[in-house]
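Fold and contact review
Chain by chain, the residues run as shown.
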Amino acid sequence: MAYKNNETRRKYYEENKDEINRKRRLHRLKHGDKIRARERKWHDSNIEKRRMQARINHHKHKNETEYKQKRKKQRKMYYKKHKKVISLKHIIYNKTLPKTRELRLELINSLGPICNNVKCLVYGGCREIKCLQIDHINGNGKDDLRKFKSSAQMYKYYLQNPRIAKKELQILCANCNWIKREENNENGVEKWQLMRIKIVS
Ligand SMILES: [Zn+2]
């Protein structure tokens, strides 16, 4: 049914509320699977959009006491519901962490434990292994991590394929890595600034 404006539509809805809602419920019962599949498809294909919207909403309401209390309750409920899984994850993390560190060191050594930046701030290139970091040359580290699901898996893959590792990765010291990130805007600073503008205006 076409309406001239929102007011008449609202009026019609108020007058025929029960009937409309009954029909909606029936429709959902009848085509529930189809609707749910469509919704899931939309959710999966708009992940970035949804995350962005959630962040904007959070920043809009984060100082309201009601919102804070609601979030606190939600967090508590989530923890109660997923207590076992969370504690298990912690145990697994603590067990696998030393192994992941070993793999990381191995990968750094295989790529050559020296900063690759010609203009490194340390004379002759930084060689201190505690300061060295693995850098994705094309700045796609996040996507890579998402693809392999864990950093350990990623290190293993590159250790098994040293040719690909030399193409995709390089060793930088922490200073040079940050400078590269700032210059290439890989920190997502722009994104956040854009968001702030959106919230203010
Ligand atoms: Zn350096």
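What counts and how
Residues numbered from 1 in each chain as written. Predicted model: local features only at pLDDT ≥ 70, side-chain atom pairs only at ≥ 80, totals over all residues. Helix = DSSP H or I, 4+ residues; strand = E, 2+ residues; numbered from the N terminus. Buried ≥ 20, exposed ≤ 12 C-beta atoms within 10 Å, placed from the backbone. Contact = placed C-beta atoms within 7 Å. Domains from an automatic or database assignment. Axes fitted to C-alpha atoms, helices over the stretch in contact; angles between N-to-C directions. Parallel < 35°, antiparallel > 145°, perpendicular 65-115°, else oblique. Nonpolar A, V, L, I, M, F, W, Y, C, P; charged D, E, K, R; others polar. Pairing = 2+ DSSP bridges. Core = buried A, V, L, I, M, F, W, Y, C linked by C-beta atoms within 7 Å. pLDDT = per-residue confidence, 0-100.

Moving on, we come to the overall build of the protein chain. Within the protein chain, the secondary structure is distributed over ten helices and two strands. Overall, the protein chain shows an N-to-C arrangement of helices and strands of α-α-α-α-α-β-α-α-α-β-α-α. C-alpha atoms of the protein chain, sized along the principal axes, occupy 80 × 40 × 35 Å. Among the 201 residues that make up the protein chain, the fraction classed as buried is 8%. For the protein chain, the share of sequence-separated contacts (at least 6 apart) that also reach a separation of at least 24 residues comes to 69%.

A word on the domain arrangement of the protein chain. The assigned domain composition of the protein chain is domain 1 (1–43) and domain 2 (104–190). The straight-line distance from the C-alpha centre of domain 1 to that of domain 2 is 52 Å.

Attention now moves to the environment of C131. Counting through the fold element by element, C131 comes out in the loop between α5 (83–111) and β1 (132–136). Linking C131 and D143, residues twelve residues apart in sequence, is a C-alpha distance of 24 Å. If sequence neighbours within four positions are ignored, C131 has contacts with C126, C173 and A174.

As a further point, take the packing of helix α6 (residues 141–148) against helix α7 (residues 151–160). Packing of α6 against α7 leaves a shortest axis separation of 8 Å and a crossing angle of 100°. Relative to α7, α6 is oriented roughly perpendicular. Touching D144, L145 and F148 of α6 are S151, Q153, M154 and Y157, all from α7. Here the residues of the contact of α6 with α7 are counted per class, giving four nonpolar, two polar and one charged.

Among the five residues of strand β2 (residues 169–173), five are classified as buried, and the element is accordingly described as predominantly covered. As judged from the five bridges shared by β1 and β2, these two strands associate in the antiparallel manner. Bridge pairing in β2 places I134 opposite I171.

All right, on to the nonpolar core then. A general trend in soluble globular proteins is that nonpolar side chains are found buried together. In this structure, C115, L132, Y158, I171, L172 and C173 are the most contacted members of the largest nonpolar core, which totals 13 residues. Of all elements in the fold, only β1, α7 and β2 reach the threshold of two or more residues within this core. A total of four residues in this core trace back to one element, the largest contributor, which is β2. If near-sequence neighbours (up to four positions away) are discounted, L132 is found in contact with I108, P113, C115, C126, I171 and C173.

This part is about unusual backbone geometry. At K149, a residue that is not glycine, the phi angle is positive and equals roughly 70°. Overall, K149 belongs to the exposed group, with 9 C-beta atoms counted inside 10 Å.

Moving on to the confidence of the model for the protein chain. In this model, the protein chain carries an average pLDDT of 87, and 91% of its residues clear a pLDDT of 70 or more. For residues 197–201, every residue scores under 50 in pLDDT, and the model assigns this stretch four contacts once sequence neighbours within four places are set aside.

The next subject is the environment of E102. Counting through the fold element by element, E102 comes out in helix α5. Overall, the presence of 12 C-beta atoms within 10 Å leaves E102 in the exposed class. Each C-alpha atom, one on E102 and one on A152, is 9.4 Å from the other, the two residues being 50 residues apart in sequence.

Further remarks concern α6. Burial of α6 is sparse: only zero of the eight residues sit out of reach of the surface. With its phi angle positive at about 70°, K149 sits one or two positions after the end of α6.

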